[in-house]
Amino acid sequence: VYFTCMRIMTEAIAKIPIKIYKGDEKDKEHQVYKLLALRPNPYMTPSDYAKAVEFNRLHWGHSVVVIDWNRRTGELRGLYPLNMQFVKILVDDASVIKTGKQKSATAKLYYLYTDPTNQQEYLYRSEDVLHFKGFTPDGITGKSVRSYLGELLENAQSAQQFTNKHFKEGLMSRVVVQYTGD
């Protein structure tokens with residue numbers, strides 16, 4: 001059932017047409033349109049890209065996509081979804097992480113990706129990623145559908161065990177009363 005639901009959701013998202021507007025007119029020449037509608041990266045079709053992003057968002061609670069762009073020209077070269085199993089989100093509220101230009105003293109978000117093939121670590125700034133969240137208790141990380149469903153089932157089982165126990169005891173709770181007065 002879980003797999004079927006995931007497949008339906010990911011395929012539904014992949015079917016949504018990509019539209020970029022400049023004012024009231026569609027802009028098919030925009031670089032973001034060309035990436036999302038034609039080829040997000042050399043390894044994925046637009047459908048594969050959308051399915052990967054949505055799968056990660058549902059299965060892990062959130063999805064992180066690295067934006068590969070030329071910092072001097074602003075040209076976008078690709079969008080690469082990361083395997084969320086190997087991503088850690090870091091909140092640097094003490095300005096411990098140094099990545100060159102530090103413009104503000106506010107807390108920054110960083111995404112640490114550990115490549116599973118060679119264990120090399122990559123640190124991405126929040127400006128260099130797209131972060132798609134599902135249910136989020138804190139606004140930073142998402143809660144996966146499977147963990148939410150797992151908690152729901154666990155709570156239902158606990159409630160059923162509690163009810164069964166009370167039926168076995170004749171719907172009576174055992175209580176000890178200690179009285180210290182006359």
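Heads up: the structure comes first, above all this text.
A quick note: this is a predicted structure, and the numbers were derived from the prediction, not measured.

## As for the overall build of the protein
- Helices and strands together make up the secondary structure of the protein, namely 4 helices and 8 strands.
- Listing the helices and strands of the protein from first to last along the sequence gives α-β-β-α-α-β-β-β-β-β-β-α.
- Against the compact-globule benchmark of 16 Å for 182 residues, the protein has a radius of gyration of 24 Å, which places it well outside the compact range.
- Reported as C-alpha extents along the three principal axes, the dimensions of the protein are approximately 90 × 40 × 40 Å.
- Looking at the protein as a whole, 26% of its 182 residues are labelled buried.
- When contacts within the protein are restricted to residue pairs at least 6 apart in sequence, long-range pairs at least 24 apart make up 50% of them.
- Of the roughly 13200 Å² of accessible surface on the protein, 56% is carried by carbon and sulfur atoms.
- If the 25 positive side-chain charges of the protein are averaged to one point and the 20 negative ones to another, these points end up 4 Å apart.

## So, the environment of D115
- Its location among the elements puts D115 in the loop between β6 (108-114) and β7 (121-125).
- Taking the C-alpha atoms as reference, D115 lies 9.2 Å from V87; in sequence the two are 28 residues apart.
- Filtering out sequence-adjacent residues up to four positions away, D115 remains in contact with Q120 and Y122.

## Brief notes about the packing of helix α1 (residues 2-14) against helix α3 (residues 46-60)
- The contact between α1 and α3 brings their axes to 8 Å, and the two run at 135°. Considered as vectors, α1 and α3 are oriented oblique to each other. Of the two elements, α1 crosses α3, and the hand of that crossing is right-handed. Facing Y2, M6, M9, T10, E11, I13 and A14 of α1, the residues of α3 in contact are S47, A50, K51, E54, F55, L58 and H59.
- Here the residues of the contact of α1 with α3 sort into 8 nonpolar, 3 polar and 3 charged.

## Some words on the pattern of salt bridges
- Under the defined criterion, the tally for this structure stands at 9 salt bridges.
- The partner of R125 in a salt bridge is D128, with the nearest N and O atoms 3.4 Å apart.
- Judged by relative accessible area, D128 falls into the buried class, the value being 6%.
- What emerges from the salt-bridge pattern is a single network uniting R71, K108, R125, E127 and D128.

## Observations regarding the sheet that holds strand β3 (residues 62-69)
- Read across the open sheet, the 3 strands follow the order β4-β3-β8; overall the sheet is antiparallel. Pairing within the sheet leaves two strands with one partner each, and these edge strands are β4 (76-81) and β8 (129-133). The average angle at which neighbouring strand axes cross in this sheet is 20°, direction not considered.
- Where β3 meets β8, 5 bridges bridge the pair, whose relative direction is antiparallel. Across the sheet, residue V66 finds its bridge partner in β8, namely V129.
- Packing of α3 onto the sheet brings it into contact with β3, β4 and β8, and relative to β3 it is tilted by some 140°.

Reading the values: rules and limits
- Residues numbered from 1 in each chain as written.
- Predicted model: local features only at pLDDT ≥ 70, side-chain atom pairs only at ≥ 80, totals over all residues.
- Heavy atoms only, no water.
- Helix = DSSP H or I, 4+ residues; strand = E, 2+ residues; numbered from the N terminus.
- Rg over C-alpha atoms; globule rule 2.2 N^0.38 Å.
- Buried < 20%, exposed > 50% of the residue type's maximum accessible area, 1.4 Å probe, protein only.
- Contact = heavy atoms within 4.5 Å.
- Areas by Shrake-Rupley, 256 points an atom, 1.4 Å probe, with all protein chains shown as cover.
- Lys, Arg positive; Asp, Glu negative; His and termini not counted.
- Charge placed at Lys NZ, Arg CZ, Asp CG, Glu CD.
- Axes fitted to C-alpha atoms, helices over the stretch in contact; angles between N-to-C directions.
- Parallel < 35°, antiparallel > 145°, perpendicular 65-115°, else oblique.
- Left-handed = near helix turned anticlockwise from the far one by under 90°.
- Nonpolar A, V, L, I, M, F, W, Y, C, P; charged D, E, K, R; others polar.
- Salt bridge = Lys/Arg side-chain N within 4 Å of Asp/Glu carboxyl O.
- Pairing = 2+ DSSP bridges.

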